[in-house]
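Listed below are the residues making up each chain.
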Amino acid sequence: MSDREITFAEAIREALAEEMRRDARVFIFGEDVAEAGTPFKVLSGLVEEFGTARVIDTPISEPGFSGIGVGAAMTGMRPVVDLMFGDFLTLAMDQIANQAAKVHYMSGGKLNVPMVFRTTMGATRRSAAQHSQSLHAWVSHIPGLKVAIPSTPYDAKGLLKTAIRDNNPVVFFEDKMMFKMKGVVPTDDYTIPFGVADVKRAGSDITLVATSSMVQVALGAAEMLAQIGIGAEVIDPRTTLPLDKKTCIESAKKTSRAIVIDEGYEQYGVTAEIASVIAEGAFYYLDAPVKRMGALNVPVPFSPTLEDVTVPTEQTVFEMARMLCGKS
Amino acid sequence: MSDREITFAEAIREALAEEMRRDARVFIFGEDVAEAGTPFKVLSGLVEEFGTARVIDTPISEPGFSGIGVGAAMTGMRPVVDLMFGDFLTLAMDQIANQAAKVHYMSGGKLNVPMVFRTTMGATRRSAAQHSQSLHAWVSHIPGLKVAIPSTPYDAKGLLKTAIRDNNPVVFFEDKMMFKMKGVVPTDDYTIPFGVADVKRAGSDITLVATSSMVQVALGAAEMLAQIGIGAEVIDPRTTLPLDKKTCIESAKKTSRAIVIDEGYEQYGVTAEIASVIAEGAFYYLDAPVKRMGALNVPVPFSPTLEDVTVPTEQTVFEMARMLCGKS
Amino acid sequence: MTEHIDLEQSLQMYQQMAKIRAFEEKVNELYKSAKMPGLAHLYSGEEAVAVGVCEALDRDDYITSTHRGHGHCLAKGARVDRMFAELLGKEAGYCRGKGGSMHIADPDSGNLGANAIVGGSMGIATGAAMSAKMRRSGQVAVCFFGDGALGQGLFYEVANMAALWKLPVIYVCENNLYGEYTHHTETAAGEFIARAQTFGMRAEIVDGQDVHAVFMAMQKLVERARRGEGPAFLQCDTYRYYGHHVGDINRAYYRAKEEEREWMTNRDPLKILSTRLIAQKLTDASVLERIEADVNAEVEAGVAFALDAPFPDAREVDEDVYA
Amino acid sequence: MTEHIDLEQSLQMYQQMAKIRAFEEKVNELYKSAKMPGLAHLYSGEEAVAVGVCEALDRDDYITSTHRGHGHCLAKGARVDRMFAELLGKEAGYCRGKGGSMHIADPDSGNLGANAIVGGSMGIATGAAMSAKMRRSGQVAVCFFGDGALGQGLFYEVANMAALWKLPVIYVCENNLYGEYTHHTETAAGEFIARAQTFGMRAEIVDGQDVHAVFMAMQKLVERARRGEGPAFLQCDTYRYYGHHVGDINRAYYRAKEEEREWMTNRDPLKILSTRLIAQKLTDASVLERIEADVNAEVEAGVAFALDAPFPDAREVDEDVYA
Ligand SMILES: Cc1ncc(C[n+]2csc(CCOP(=O)(O)OP(=O)(O)O)c2C)c(N)n1
Ligand SMILES: Cc1ncc(C[n+]2csc(CCOP(=O)(O)OP(=O)(O)O)c2C)c(N)n1
Ligand SMILES: [Mg+2]
Ligand SMILES: [Mg+2]
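Quick caveat, the model's predicted, so the values are computed rather than measured.

## What to know about the coordination of the magnesium ion (ligand 3)
All names here are of chain C.
Thinking step 1. The protein atoms donating to the magnesium ion (ligand 3) are Asp-147 (OD), Asn-176 (OD1) and Tyr-178 (O), with metal-donor distances spanning 2.0 to 2.1 Å.
Thinking step 2. Written as a sequence motif, the donor residues of the magnesium ion (ligand 3) are D-x28-N-x1-Y. With Asp-147 in the loop between strand 2 (141-146) and helix 6 (154-164) and Asn-176 in the loop between strand 3 (169-175) and strand 4 (178-179), this residue pair connects regions lying 29 residues apart in the sequence.
Thinking step 3. For Asn-176, a relative accessible area of 5% puts it in the buried group.

This is how it looks when you write it as structure tokens:
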């Protein structure tokens, strides 16, 4: 284990490269994944090492190449499908939710679909309504899928390796704004089990359950809260499906207060599931209602002055937590 | 107002026919909607009255005709798009969630998309995993859409008329198992506002918030609960977006106990939103955690012995309510 | 037509077609006597397509099937008894009762499963071909679908990639003239084969009622695919004798009784083959009758097995969600 | 080529193209000086397509546009100042700052909006044509999209319906050889126009750098459509001078500098038109220079207006979600 720091994008790239070296069945395909290395340059260098037979540029055909991925996965390969923007999940939902997710069950357990749909999420890039959504709630709703949503380079690498080795279809969300974030990542091979939340910061006064980019926001808020004597525990579920209900509930039992923070639309979003799980599981321990902070229920606007108010910030989380703890 | 009884299917058909007579801009299109009147025969007779220029059979092209609907709606028409099975929403999600839902906002309010996506939901028809889903949670997540989910012929007619007159895209869910259900429907023109829940039965011991087919299940359970001295209040939100939070919360404040029952997958489903809204809003009044009863988190199985245990029943709702009320 | 097909193979094809016919008749009975949960889409009348196609395949070649899939399953090698068990929702069924009529999968015979989303398996079949090519396994993949399925944009996306990457996939379009209750002329502009030719793909039309013709056309396309010469499209003109599904009884509003009679009388795939074999004096009626008796017995035994078989235990409901 | 186009119209087209060119140069500057939020996809080099097409339309005819949409908007009649305001996220923008570069809509000039989903507006344009037909308004709808967008299955679904129902829609494919960073030969099998011809649709290829050629081809297709003769497909061969978006600077790994130079030098739409007009002695350089000076002034004034204009108030964020 070294303590070198690499970026989130590098962590993703390393995970892919290592798994491709380990297992000849793994391949990547999607739009501009080869020479261009995706518009985010996350995959730069992979085609040089693995060639165009394993890093494959596709036409702009999200339903088509997603479906091809399903068929390849059913017949001995382990594809990693690249869906450039999470907003394009809309196009591939039939292949993801009606095919990939259901094949194993419908066949009575005979067929497997070991594949990963890598996609992105996150706003504040000034990309407007069709390039800024965080649609992980949709796929988290569908039995048969698994959904990973890492918040650090370390988690990204470990979870992606787990995803690639999993025998089920996994939807893997990377926040576009985190690609350049740095963090310590060991060089040794490691994986992170799905369904195990990580306590990113311990605290005893309030629980902040946060996902993806919102983990940093929660940590920032926790820092501010510490200044006024409130100890916030920050929990990152890391996968929304399976969800580590126990860790969320136990923390809330301990702190007796909780806020759930996520970058998807608030209504019928991930915050609803986690908040209701905590409200039910920690019912007899809670001193205040569980609060939800998702993205504003509006299509993501382009203008900076508008977009910036759609997503929870350190300041808004801090204020909500302070209010919940009865400090003013 | 007469008190004649008609079926749910007839109520839908009447609403369509009356709105088509009232407004020449309204037209219907989708697969086998004309002579066949849809496989469920819900539209029988409409093509005879309005002709094939207004009741239009399409190819099997859900994304295509949904998109055409969006364009027609933006330019002066009021299309009603027929998506035979709710499971096919997967195919049309881009047109629904990225186009129809966002056009008004993205254009700064200049363009409108007055259209209705009529589709179905509901299991226990032995139709297996790709023809049995209730995917209303997905569309309820998306700002810019409205979502109606009627539980009686009366509500179906009134809500559908409201949907057609609304200047926004509305996704309208009809439970396939309810088409033959009878109920009193006035002959006079009436509409039902969106975002207004209906108290289907008053009670003071426990609140059962139920949607679509689950309303009858909740009413059946309420009947059984009455026998053992528990008064259940049954609330039907009627639209999940907008959601009448107030009525749900006020009822739970009064009864201090609540169960939310819905036929979508439980995880990240409609029950999560409503349960967390109640748990937050009625926090200081609740005597027990808010319970959720959705469909089992499995792809819907074909075999009757399996499928029947995936959906809440009068019996399972009764037992949950009895447990919550501390009676055994 | 028959030059290259020996008698044994012809009789094998006759037997497969007769088995499918008998199977579907029994399914209809099961439906009418309310012994089968749900609905089924019968393949009767289209037997020569599935049989002619699958005869040209090896057991480890892949197929993907449709809502009207019983014929594909049987032709690729599935067993009658376990298919009936699946249709009746029994534990002994191919999918442990979880799939039913529209989802029978049998990887042992190369069947990657039927699909209830029209066109839904076009990606899967193309992906199986891509996988075969990557693994250099020499397998081909066949994607069955109906004329109506050409309405789905997915076809054009995957056909383009199959052509670009020369994948060993053959798209078999079962043109039975209707999608549900609508004639294809009302829903499809232009010629079907042009839809594949646009990608530079080899495309042919064949009489889907003549099993020899289907088989021979298919054989060539399979060989091409195995040689790495890329995908193909085979339009098989055919007809379904029954309604869209077993419950579609009154069909007069969308198709004429005379049309049905014409196909059943003059274009029946079993009759066409038997007439030819007898006319060429390659066999006689008694041989064919014996085959029919055999498959009838197999079907009777299969349905009896399935009717007797136990339902899955309710506790199995959450098994098989994840591998 | 110019027989039917009078000088006034030619100069009008020159002016429109020059305006687009100047606009896009300014957008690039705004990006490089970090004054514009987000990115933009420049239309420079493709001006003759938007201008030739839109000159053949009436103001109340519809267009739908793409991520590379500034040229379409301007050609259809949008104002420079309000477009800049939108690109800068200002309240005075066409969408009150909510849409930005990829979503400019201006219903007053028939522009139903740009789309950030590749191919996403193909349904919308087809639906607008269906609406025009139902309302008997005589309007036509034009759907702009790139060569890469033909990868989307949606095209084949709506093209089929447009052909079946003879809708007055014209699909204008801007073939600039690349989708993002990949040449079309790596992603598209067969000929582009075959993709429309398969539905029996009228399809033509035109030199997208010659505004006269585009205009004349388009005029005929628009007339046909207005007469009820149905949809058409017009492939315009063209080239984008800049990268996929303003941030795509190092392009050598996917396209050669020589290729870029060749198009800019020998196939520039402004040069082609000016050379022709001058050679035919219809006008002289000074006239064209005056036009350029005018549009430059308009662009300067527009950008100054936009830079000065206020941002929307944060409280407007939840306005316009519902009508
Ligand atoms: C995506 C989708 N749309 C609609 C349906 C409903 N549906 C089932 S079968 C069918 C007709 C299919 O026609 P075709 O492809 O010609 O096959 P055939 O039934 O004639 O064999 C339709 C519309 C479906 N199952 N999936
Ligand atoms: C559905 C979808 N997939 C991918 C993208 C990302 N993307 C934006 S532009 C583009 C290339 C489009 O190429 P083309 O249609 O030829 O238009 P051009 O940029 O060349 O004008 C891609 C892949 C997108 N916006 N939408
Ligand atoms: Mg058919
Ligand atoms: Mg291009």
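## Quick look at the pairing of strand 2 (residues 26-30) of chain A
Residues and elements named next belong to chain A.
Thinking step 1. Most of strand 2 sits out of view: 5 of its 5 residues are buried.
Thinking step 2. Taking every second residue as pointing to the same face, both faces of strand 2 are buried, with Val-26, Ile-28 and Gly-30 on one and Phe-27 and Phe-29 on the other.
Thinking step 3. One ladder, built from 5 bridges, connects strand 2 with strand 4 (residues 78-83); its direction is parallel. Note that in strand 4 the partner of Phe-27 across the bridge is Pro-79.
Thinking step 4. Pairing of strand 2 with strand 3 (residues 55-57), which is carried by 3 bridges, proceeds in the parallel orientation. By the bridge assignment, Ile-28 is partnered in strand 3 with Val-55.

## So, the site of ligand 1
Thinking step 1. Around ligand 1 sit 22 residues in total, of which Glu-62 of chain B together with His-67, Arg-68, Ala-116 and Gly-148 of chain C are the nearest.
Thinking step 2. Ligand 1 is flanked by residues contributed from chains B and C.
Thinking step 3. Contact distances for ligand 1 include 3.0 Å between a nitrogen atom and a backbone N or O atom of Val-118 of chain C.
Thinking step 4. Tyr-178 of chain C has a polar backbone atom sitting 2.8 Å from an oxygen atom of ligand 1.
Thinking step 5. Alone, ligand 1 offers 580 Å² of accessible surface; in the complex the protein occludes 98% of this.
Thinking step 6. By residue class, the composition of the shell around ligand 1 is 9 nonpolar, 8 polar and 5 charged.

## Let's talk about the packing of aromatic side chains
Thinking step 1. Here the structure, examined in full by the defined rule, presents 42 aromatic pairs over all chains.
Thinking step 2. A connected cluster of aromatic rings, assembled from ring pairs, spans Phe-145, Phe-155, Tyr-156, Tyr-171, Phe-199 and Phe-233 of chain C together with Phe-145, Phe-155, Tyr-156, Tyr-171, Phe-199 and Phe-233 of chain D.

## Examining the site of ligand 2
Thinking step 1. Of all residues adjacent to ligand 2, which total 22 residues, the nearest are Glu-62 of chain A together with His-67, Arg-68, Ala-116 and Gly-148 of chain D.
Thinking step 2. At the site occupied by ligand 2, the surrounding residues belong to chains A and D.
Thinking step 3. Contact distances for ligand 2 include 2.6 Å between a nitrogen atom and a side-chain N or O atom of Glu-62 of chain A.
Thinking step 4. Here a nitrogen atom of ligand 2 and a side-chain polar atom of Glu-180 of chain D are 3.2 Å apart.

## With respect to the coordination of the magnesium ion (ligand 4)
Residues and elements named next belong to chain D.
Thinking step 1. The coordination sphere of the magnesium ion (ligand 4), as far as protein atoms go, consists of Asp-147 (OD), Asn-176 (OD1) and Tyr-178 (O), spread over 2.0 to 2.2 Å.
Thinking step 2. Read in sequence order, the donor residues for the magnesium ion (ligand 4) give the motif D-x28-N-x1-Y. Remark: Tyr-178 occurs in strand 4 (residues 178-179) and Asp-147 occurs in the loop between strand 2 (141-146) and helix 6 (154-164); sequence separation between them is 31 residues. One exposure class covers both Asp-147 and Tyr-178, and it is buried.

## Considerations on helix 9 (residues 245-255) of chain A
Residue and element names in this part refer to chain A.
Thinking step 1. Within helix 9, the full set of buried residues consists of Cys-248, Ile-249, Ser-251, Ala-252 and Thr-255. One face of helix 9 carries all of its buried residues, which in axial projection span an arc of 165°.
Thinking step 2. Looking at the buried side of helix 9, the elements it contacts are strand 10 (206-210), strand 11 (232-236), strand 13 (258-265) and helix 10 (270-281).
Thinking step 3. Where helix 9 terminates, the next one or two residues include Ser-256, which has phi positive at roughly 70°.

## Description of the sheet that holds strand 9 (residues 198-201) of chain A
Residues and elements named next belong to chain A.
Thinking step 1. Ordered in space as 9-11-10-13-14, the 5 strands form an open sheet in which the pairing is mixed. Single-partner strands in this sheet number two, and they are strand 9 and strand 14 (291-295). Across the sheet, the mean angle from the axis of one strand to that of its neighbour is 25°, orientation sign disregarded.
Thinking step 2. In the sheet, strand 13 pairs with strand 14 via 4 bridges, with the strands oriented parallel. Residue Ile-261 lies in a different strand from strand 14, and its bridge partner there is Met-293.
Thinking step 3. Sheet strands touched by helix 10: strand 10, strand 13 and strand 14. Its angle to strand 13, the strand with the most contacts, is close to 160°.

## Let's talk about the relation of the copies chain A and chain B
What relates the pair of chain copies is a rotation about an axis plus a shift along that axis.
Thinking step 1. Superposition of chain A onto chain B requires a rotation of 180° combined with a translation of 0.0 Å along the rotation axis, giving an RMSD of 0.0 Å. Look at the turn and shift together and you get a two-fold axis relating the two.

## So, the pattern of salt bridges
Thinking step 1. Evaluation of the coordinates by the stated rule reveals 92 salt bridges over all chains.
Thinking step 2. Of the charged contacts, one joins Arg-201 of chain A and Glu-223 of chain A as a salt bridge, the two residues approaching to 2.9 Å between their closest N and O atoms. You can see Arg-201 of chain A sitting in strand 9 and its partner Glu-223 of chain A sitting in helix 8 (residues 213-227), a full 22 residues away along the chain.
Thinking step 3. Residue Arg-201 of chain A is classed as partly exposed on the basis of its relative accessible area of 24%.
Thinking step 4. Assessed through its relative accessible area of 44%, Glu-223 of chain A is described here as partly exposed.
Thinking step 5. Of the charged contacts in the structure, one is a salt bridge between Arg-96 of chain C and Glu-91 of chain C, with a shortest N-O distance of 3.3 Å.

## What to know about the interface of chain A and chain D
Thinking step 1. The interface of chain A with chain D comprises 33 residues on the first partner and 36 residues on the second.
Thinking step 2. Contact between chain A and chain D buries roughly 2500 Å² in total, counting both sides, with carbon and sulfur atoms accounting for 65%.
Thinking step 3. For chain A, the biggest contributors to the area lost against chain D are Ile-60, Phe-302 and Leu-306 of chain A; these three give 25% of the whole.
Thinking step 4. Inspection of the chain A/chain D interface yields 0 salt bridges.
Thinking step 5. Taken together, the links from chain A to chain D amount to 13 residue pairs in polar contact (both at pLDDT 80 or more).
Thinking step 6. The element contributing the most residues to the side of chain A that touches chain D is helix 11 (residues 304-307) of chain A, with 3 residues.
Thinking step 7. Looking at side-chain class alone, the side of chain A that touches chain D contains 17 nonpolar, 9 polar and 7 charged residues.

## Some details on unusual backbone geometry
Thinking step 1. The omega torsion of the bond from Leu-241 of chain A to Pro-242 of chain A falls at 0°, within 30 degrees of zero and hence cis.
Thinking step 2. Secondary-structure assignment places Pro-242 of chain A in the loop between strand 12 (239-241) and helix 9.
Thinking step 3. For Thr-124 of chain A, which is not a glycine, the phi torsion comes out positive at approximately 70°.
Thinking step 4. For Thr-124 of chain A, the location among the structural elements is in the loop between strand 5 (116-121) and helix 6 (136-140).
Thinking step 5. Residue class for Thr-124 of chain A comes out partly exposed when judged on its relative accessible area of 26%.
Thinking step 6. We note that Asp-320 of chain D has phi near 75°; this positive angle belongs to a residue other than glycine.

Procedures and definitions
- Along each chain, residue indices are assigned from 1 in the same order as the chain's sequence is written.
- Ligands are numbered from 1 and chains lettered from A, in the order in which they are written.
- Local features in this predicted model are restricted to residues whose pLDDT is 70 or higher, and side-chain atom pairs enter the listing and the counts only when it is 80 or higher, whereas totals over whole chains, interfaces and linings include all residues.
- The side-chain numbers reported here are obtained from all heavy atoms of the structure, hydrogens and water having been left aside.
- For Na, K and Ca the donor cutoff is 3.2 Å, while for all other metals N, O and S atoms count as donors only within 2.8 Å; water does not appear among the atoms, so some sites may look incomplete.
- For helices the rule is a DSSP run of H or I covering at least 4 residues; for strands it is a run of E covering at least 2, with both sets numbered from the N terminus onward.
- Burial classes follow relative accessibility: with a 1.4 Å probe on protein chains only, a residue under 20% of its type's maximum area counts as buried, one over 50% as exposed, and anything between as partly exposed.
- At least two bridges found by DSSP between two strands are what make those strands a pair.
- Nearness is defined per residue: one heavy atom within 4 Å of the molecule or strand is enough.
- The term polar contact refers here to a pair of N or O atoms within 3.5 Å; inside protein, the definition further demands a hydrogen-donor-capable atom paired with an acceptor-capable atom, and it admits residues adjacent in sequence only when both atoms are side-chain atoms.
- Only the protein chains shown count as cover for residues, and the accessible areas themselves come from Shrake-Rupley with a 1.4 Å probe.
- Think of it as three bins: nonpolar holds Ala, Val, Leu, Ile, Met, Phe, Trp, Tyr, Cys and Pro, charged holds Asp, Glu, Lys and Arg, and polar takes everything else, Gly as well.
- Pairing of aromatic rings covers Phe, Tyr and Trp, the last counted by its six-membered ring, and requires centre-to-centre distances within 6.5 Å; plane angles under 30 degrees mean stacked, over 60 mean edge-to-face, and any other angle means tilted.
- The arc in question is formed by the directions pointing from the helix axis toward the C-beta atoms.
- We call two residues in contact when some of their heavy atoms are within 4.5 Å.
- Where helices are involved, their axes are fitted lines through C-alpha atoms of the stretch in contact, as for all axes, and angles between N-to-C directions lie from 0 to 180°.
- Superposing the copies works by least squares over the C-alpha atoms of residues that have pLDDT at least 70 in both of them.
- The salt bridge definition used is simple: a Lys or Arg side-chain nitrogen within 4 Å of an Asp or Glu carboxyl oxygen.
- Summed over both partners, buried area is the accessible surface (1.4 Å probe) that two parts give up on being assembled.

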